[in-house]
Amino acid sequence: MNFKAIVTLFFLTILTSVSFSREVISFNQDWAFKKGPFTTDLLQYGNVFSGTWQSIAVPHTWNSKDMQVRNDRFTSNEKFYVGDAYYRKTFIPESSWNGKRIFIKFEGVNTNTEVYINNSPLPAKKEKGNVVYDASAINGNYQIVGRHQGGYSAFVLELTNMLKFGVENEILVKVNNEATPQVIPVNHTLFPMYGGIYRPVELIVTDKINIAVSDYASSGVYISQKDVNKKSASINLKVKLENKNHDARDLQVVSTIFEQNGAVKARI
């Protein structure tokens, strides 16, 4: 086969030499969950984050049962809970990650999402399927990491400069599945929206020079083909790169094309 490759480099000037890789870590286990409705009293709202939360793993939806129940007493289509809910998870960023870039990737959250980080979370203990947060302790401040609208597209947020390494950090995710005119579907009539983090979550750790993680949560590698027949094909390869160092670096991009049986067909 004949191959033609076009490598497009973004955000990088090539001057010095470096190699890079990434670590992808499953972030699906040991979440805690609490569903509203919550108080609207701002003076009491802090109490939402203490006490008993349900221990869950993601993917998860809070409508797994109530959206399946028929209830003819309701005249509205919304016979299930719509509104706010929270997910939270603590983890300890490894000290070896210091100097790298750290991202959190959500494959799908329905429907409107706010992500926060807390570097001094409440102490907690597990009790019979629940997580109990100590109301007598002082909770740290939640800093906004980012927001996302829409339940059917993945998104990535960068945590790099917001983490404290070697100690417990907490990710807090506020999710709302109420219908809104700016997010499709605009109502629950034809396609009710199951609320929750209903697809997997990952942490991604990269070097400062990396194949882009935050380009609409894509892989950063874009492959297209044309003039395909039994004997040959033209392959177009675009790789989006980012350099977060303070100086430019020389970089060599090598792409390998494999046969179905694993044999190397071409190296570009």
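Reading the values: the criteria
Residues numbered from 1 in each chain as written. Predicted model: local features only at pLDDT ≥ 70, side-chain atom pairs only at ≥ 80, totals over all residues. Heavy atoms only, no water. Patch = residues over 30% accessible without salt bridge, like charges linked within 9 Å, V, L, I, M, F, W, Y side chains within 5 Å. Areas by Shrake-Rupley, 256 points an atom, 1.4 Å probe, with all protein chains shown as cover. Salt bridge = Lys/Arg side-chain N within 4 Å of Asp/Glu carboxyl O. Helix = DSSP H or I, 4+ residues; strand = E, 2+ residues; numbered from the N terminus. Buried < 20%, exposed > 50% of the residue type's maximum accessible area, 1.4 Å probe, protein only. pLDDT = per-residue confidence, 0-100. Contact = heavy atoms within 4.5 Å. Pairing = 2+ DSSP bridges. Axes fitted to C-alpha atoms, helices over the stretch in contact; angles between N-to-C directions.

What follows covers a nonpolar patch on the surface. A cluster of nonpolar side chains, contributed by Tyr152, Leu190 and Phe191, occupies part of the molecular surface with about 380 Å² of accessible area. By secondary structure assignment, the location of Leu190 is in the loop between β11 (169–176) and β12 (201–206). Relative accessible area serves as the criterion here: at 80%, Leu190 is assigned to the exposed category.

Quick look at unusual backbone geometry now. For the bond from Gly36 to Pro37, the omega torsion is 5°, close enough to zero to count as cis. Following the sequence through the fold, Pro37 ends up in the loop between β2 (31–35) and β3 (51–56). Of note in this structure, Asp30 is not a glycine but carries a positive phi near 65°. Position of Asp30 among the secondary structure elements: in the loop between β1 (22–26) and β2. Since its relative accessible area comes to 48%, Asp30 is described here as partly exposed. In this structure, Lys128 is a non-glycine residue whose phi angle is positive, near 50°.

A separate point is the confidence of the model for the protein chain. Atom-level detail of predicted coordinates should not be read off regions where pLDDT is low. Residues of the protein chain with pLDDT of at least 70 account for 89%, and the chain-wide mean is 87. With pLDDT under 50 throughout, residues 1–19 is counted as low confidence; its partners more than four residues away or in other chains account for 61 contacts.

The next thing to look at is the sheet that holds strand β4 (residues 84–91). Strand order in the open sheet made by the 8 strands is β7-β8-β3-β2-β4-β11-β6-β9, with antiparallel pairing throughout. Of all the strands in the sheet, the pair left with one neighbour each is β7 (124–127) and β9 (142–149). Here the strands of the sheet are splayed against their neighbours by 30° on average, with no regard to which way each runs.

Taken in spatial order, the 4 strands make up an open sheet running β1-β12-β5-β10, and their pairing is antiparallel. Since the sheet does not close on itself, it has two edges, and those belong to β1 and β10 (155–158), each with one partner. Direction aside, the axes of adjacent strands within the sheet are offset by 25° on average. Where strand β5 (residues 101–106) meets β10, 4 bridges bridge the pair, whose relative direction is antiparallel. Each residue of the ladder has a partner; that of Phe103, found in β10, is Glu158.

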